[in-house]
Amino acid sequence: MHRQNDLMKRINNSYPKLSKGQKLLANYILEHYEKAVFLTAAKLGKIVGVSESTVVRFANELGYDGYPKLQRALEELVKTKLTSFQRVEVTSDRIDKNHVLKSVLQSDAEKIKHTLEEIDEDIFNEATKMILGARKIYILGVRSCASLAGFLGFYFNLIFDNTKLIHTNSVSEMFEQIYRIGPEDVVIGISFPRYSKRTKKAMEFAKNRDAQVIAITDSYLSPLIQFADCSLIARSDMASFVDSLVAPLSLINALIVALCIKKQDEVLDTLENLEKVWSEYQVYDNEEDYNMNYNIQSKNNTDILE
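The structure presented is a predicted model; accordingly, all values stated were derived computationally and were not measured. (Residues numbered from 1 in each chain as written. Predicted model: local features only at pLDDT ≥ 70, side-chain atom pairs only at ≥ 80, totals over all residues. Heavy atoms only, no water.)

Caption draft 1: Inspection of the sheet that holds strand 5 (residues 230–233) at higher detail. Across the sheet, five strands lie side by side as 2-1-3-4-5; this open sheet has parallel pairing. The open sheet terminates on both sides in strands that have one partner only, identified here as strand 2 (163–166) and strand 5. This sheet shows a mean twist of 15° between the axes of neighbouring strands, independent of strand direction. In this fold helix 8 (residues 121–132) packs onto strand 1 (137–140), strand 3 (186–190), strand 4 (212–217) and strand 5, with an angle of close to 125° to the strand it touches most, strand 5. (Pairing = 2+ DSSP bridges. Helix = DSSP H or I, 4+ residues; strand = E, 2+ residues; numbered from the N terminus. Axes fitted to C-alpha atoms, helices over the stretch in contact; angles between N-to-C directions. Contact = heavy atoms within 4.5 Å.)

Shown next as structure tokens:
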């Protein structure tokens, strides 16, 4: 699908043939989309001064299969247009300020649920095949998505010996790190609203070099989609100025697990060798160290008492 939050275009194209009540709705959405996105059909109708059924017919007139689909288009519009300051303003009423923990966790759980319901498992399987067949795997993710890219890169380095995590805040440095990319390579681009131009430009470069491109993003309206051969969609709605990355991280977890299963023998061999290195160079705390520290502390306490 081409990226186009075409809600505004649909409204403008349909405006001449809309009824008087529908034009009131159109004007309100055009002027107050950041408020309309959180309104039910009944509440929107009440504010504008039309019936709920008029709101539903308005959505149908614009080509949406019911008001929920229109509301989803509004969400896409809001995510790409609002500044961080505006996000805080428009989302402040969505969170129970007396129960912030419960509100945020419940919202995150719902995003995972929606992601599970909406994701295409065939596309997910196709992405794993692309990665398994790649000569080199490039992982792109900046700003808040850098944490997702880093997580994916950490585990991919345990599974593969051909992974390159692109970590830079400079556009020129990013291109310097991927300029050798070619048709046998795979690029995994990760971006969520507000979408990063750097990630988008890098994916465009990779596509022009005939590399296979996998997008991990929130919607088929994302700017990454136009350059992707394979798109993995995970919900990431707003919570204050913070983007919820719980569902994307869960999707990335699933991708890592799927690839581990495909390369189980190699992964087990790698981990067995790494365990020896970790043990030799004391990378992780272990029970022997704990017991030694405990015994020393106990002896010190006894000496003090004596």
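There is more to say, and it comes next.
Caption draft 2: Quick peek at the packing of aromatic side chains. Under the defined criterion, the tally for this structure stands at five aromatic pairs. When the centroid spacing of 5.2 Å and the interplanar angle of 85° are considered together, the rings of W278 and Y284 count as edge-to-face. For Y284, a relative accessible area of 47% puts it in the partly exposed group. Within the aromatic cluster, the residues linked to one another by ring pairs are F151, F154 and Y155. One Lys or Arg, R10, reaches over the ring of Y64 and ends 4.2 Å from the middle of that ring. (Phe/Tyr/Trp six-rings, centres within 6.5 Å; stacked < 30°, edge-to-face > 60°. Buried < 20%, exposed > 50% of the residue type's maximum accessible area, 1.4 Å probe, protein only. Lys NZ or Arg CZ within 6 Å of the ring centre and 35° of its normal.)

Caption draft 3: Quick look at the side chain of S14. As for its position among the elements, S14 is in helix 1 (residues 7–14). Since its relative accessible area comes to 8%, S14 is described here as buried. Residues in contact with S14, not counting those within four places in the same chain, are E61 and L62.

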